[in-house]
Amino acid sequence: MAGFFTKLFKKGNEEEKDEKQQEELIEESEEQLSDEEIEAMLLEETEEEVLEVESEDIEEPEQGIEEEMEEEIEEEAEEGKGSFFGRLKDGLFKTRKNITDKINDVLSTFKSVDEELFEELEEILITSDVGVSTTLKILENLRKRVKEQNIKDPADVKGLLKQEILNIMGESGEKLGVNTPAVILVIGVNGVGKTTSIGKIASKMKKSGKKVIIAAADTFRAAAIDQLEIWGSRVGVDVIKHQEGSDPAAVIFDAINSAKSKKADVLICDTAGRLHNKKNLMDELKKISRVIEREYPEAYRETLLVLDATTGQNAISQAKLFKEAADINGLVLTKLDGTAKGGIIIAIKSELDIPVKLIGVGEKVNDLQDFVASDFVDALFEE
């Protein structure tokens, strides 16, 4: 042990000696340089640091978005109906593993259909964020059908369960932008993917042949305006904006005039990411609605609430409170690919009866899909 400390002390002395030698060399080199030469060197180092910061903060993110958009354009030619279902199936992988795989395991272990089996199914649905009340409704109907059809084989229960979920989901609602001219007001709290969803909706509309304008009315965040400008330039749509901190209703007013003069089919309006308990922001939302009603009464109005699927039951709480403050026509459910609790869609439809218009099953533009209830249930139960 003594030898170890001796070596450590010796090594420390050697390192100290090396540091002194390096300092002496630096001092000698500085003495040989003039003040002008030292100043030039410092200026050159500063310029290099600034260039590095600028390239990190500006060039790389824009290049990343541009490369992403180019990849999506290349993939567009290869897309068909089958590929949409494939992406939906892939996006629901975690949810399917959490619900369907567990249901299959339970059904395979039971030899008869009894109350214990129903209790196991109940636990699976509740833990997948289908919700207590919705789960109880599903199980109640499932018990009745099993009894009526005298089902004895547990394997046959799966088909009945699938049908019960489909019954709750109902028919798919009307797609966005069918009636024109249209104003789509997009609301939601910060962090749910609201601004990105607007960019993807604009791309979707543009590809379907619609003339689209975006109103960047989230004037509380400069980043939101910048992000929409990038989306606008990539997608090829006009973005109406004002300076940060300006009146959001004034942005909507100018955007409506632009939409009228350019004969746009769809005007998509971003709004400030607002919490339901922020009265001033909710009042601002009402003010925007009044401007739309007064200046563009002939337009078909839609209000979309964007929810993050990964927040589970909290998404339902948000939807209930927003529903009290705004006339919500549809929901956009994002990040379904990032959660095992995609059963939240079933709970939302059952408890709130607000149609789900779009679902996000990936990060690419084309991963924001029209919600088709039958496709969703088929993908959920796909083996």
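Structure shown above.
The rules behind the values
Residues numbered from 1 in each chain as written. Predicted model: local features only at pLDDT ≥ 70, side-chain atom pairs only at ≥ 80, totals over all residues. Heavy atoms only, no water. Helix = DSSP H or I, 4+ residues; strand = E, 2+ residues; numbered from the N terminus. Expected span 1.5 Å × (residues − 1). Buried < 20%, exposed > 50% of the residue type's maximum accessible area, 1.4 Å probe, protein only. Arc of directions from axis to C-beta. Contact = heavy atoms within 4.5 Å. Core = buried A, V, L, I, M, F, W, Y, C linked by side-chain atoms within 4.5 Å. Pairing = 2+ DSSP bridges. Axes fitted to C-alpha atoms, helices over the stretch in contact; angles between N-to-C directions. Parallel < 35°, antiparallel > 145°, perpendicular 65-115°, else oblique. Left-handed = near helix turned anticlockwise from the far one by under 90°. Nonpolar A, V, L, I, M, F, W, Y, C, P; charged D, E, K, R; others polar. Salt bridge = Lys/Arg side-chain N within 4 Å of Asp/Glu carboxyl O. Patch = residues over 30% accessible without salt bridge, like charges linked within 9 Å, V, L, I, M, F, W, Y side chains within 5 Å. Areas by Shrake-Rupley, 256 points an atom, 1.4 Å probe, with all protein chains shown as cover. Lys, Arg positive; Asp, Glu negative; His and termini not counted. Charge placed at Lys NZ, Arg CZ, Asp CG, Glu CD. Phe/Tyr/Trp six-rings, centres within 6.5 Å; stacked < 30°, edge-to-face > 60°.

A. View of helix α7 (residues 132–148). The end-to-end C-alpha distance of α7 is 24 Å, a good match for the 24 Å that 17 residues give at a rise of 1.5 Å each. What α7 keeps buried is the set Thr134, Thr135, Ile138, Leu139, Leu142 and Val146. End-on, the buried residues of α7 take up no more than an arc of 125 degrees, which puts them together on one face. For α7, exposure combined with an orientation more than 90 degrees from the buried face picks out Lys147 and Glu148. Looking at the packing, one finds that the buried side of α7 touches α6 (115–127), α8 (157–169) and α14 (344–352). Two residues or fewer past α7, Asn150 is found with a positive phi of approximately 55 degrees.

B. Main features of the nonpolar core. By size, the foremost hydrophobic cluster in this structure holds 101 residues, and its most contacted members are Ile138, Leu142, Ile252, Leu267, Leu333, Ile345 and Ile359. If we ignore the near neighbours within four places in the chain, the residues touching Ile359 are Leu88, Leu333, Leu336, Ile345, Asp367, Leu368, Gln369 and Phe371.

C. Local environment of the sheet that holds strand β1 (residues 182–187). Overall, mixed pairing links the 8 strands, which are arranged β3-β2-β4-β1-β5-β6-β7-β8 in an open sheet. With one partner strand each, in any of the chains shown, β3 (238–240) and β8 (368–370) form the two edges of the open sheet. For this sheet the average axis-to-axis angle between neighbouring strands, irrespective of direction, equals 25 degrees. Here β1 runs beside strand β4 (residues 266–270); their pairing, made up of 5 bridges, is parallel.

D. Structural view of the packing of helix α13 (residues 313–325) against α14. As a packed pair, α13 and α14 sit with axes 10 Å apart at the nearest point and diverge in direction by 30 degrees. In terms of axis orientation, α13 runs roughly parallel to α14. Once α13 is placed against α14, the crossing between them reads as right-handed. Along its contact with α13, which presents Gln313, Ile316, Ala319, Lys320 and Lys323, the element α14 presents Ile344, Ala347, Ile348, Glu351 and Leu352. A per-class count over the contact of α13 with α14 returns 6 nonpolar, 1 polar and 3 charged.

E. Structural context of the pattern of salt bridges. Within this structure, the stated rule accounts for 16 salt bridges. Residue Arg294 pairs with Glu295 through a salt bridge whose shortest N-O separation is 2.9 Å. Among the residues examined, Glu295 registers a relative accessible area of 18% and is labelled buried. Its salt-bridge partner being Asp353, residue Lys349 comes within 2.9 Å of it at the nearest N-O pair.

F. Structural context of a negative patch on the surface. On the surface, a cluster of negative charge is contributed by Glu116, Glu119, Glu120 and Glu123. Among the structural elements, Glu116 can be located in helix α6.

G. Up close: the packing of aromatic side chains. In total, this model carries 1 aromatic pair according to the counting rule given. Between Phe371 and Phe376 the ring centres are 5.6 Å apart and the planes differ by 55 degrees, which places this aromatic pair in the tilted class. When sorted by exposure, Phe371 lands in the same class as Phe376, which is buried.

H. Highlighting the environment of Thr339. Of note, Thr339 is situated in the loop between β6 (330–334) and α14. What Thr339 contacts, discounting residues up to four positions off in sequence, is Lys94, Thr95, Ala309 and Thr310.

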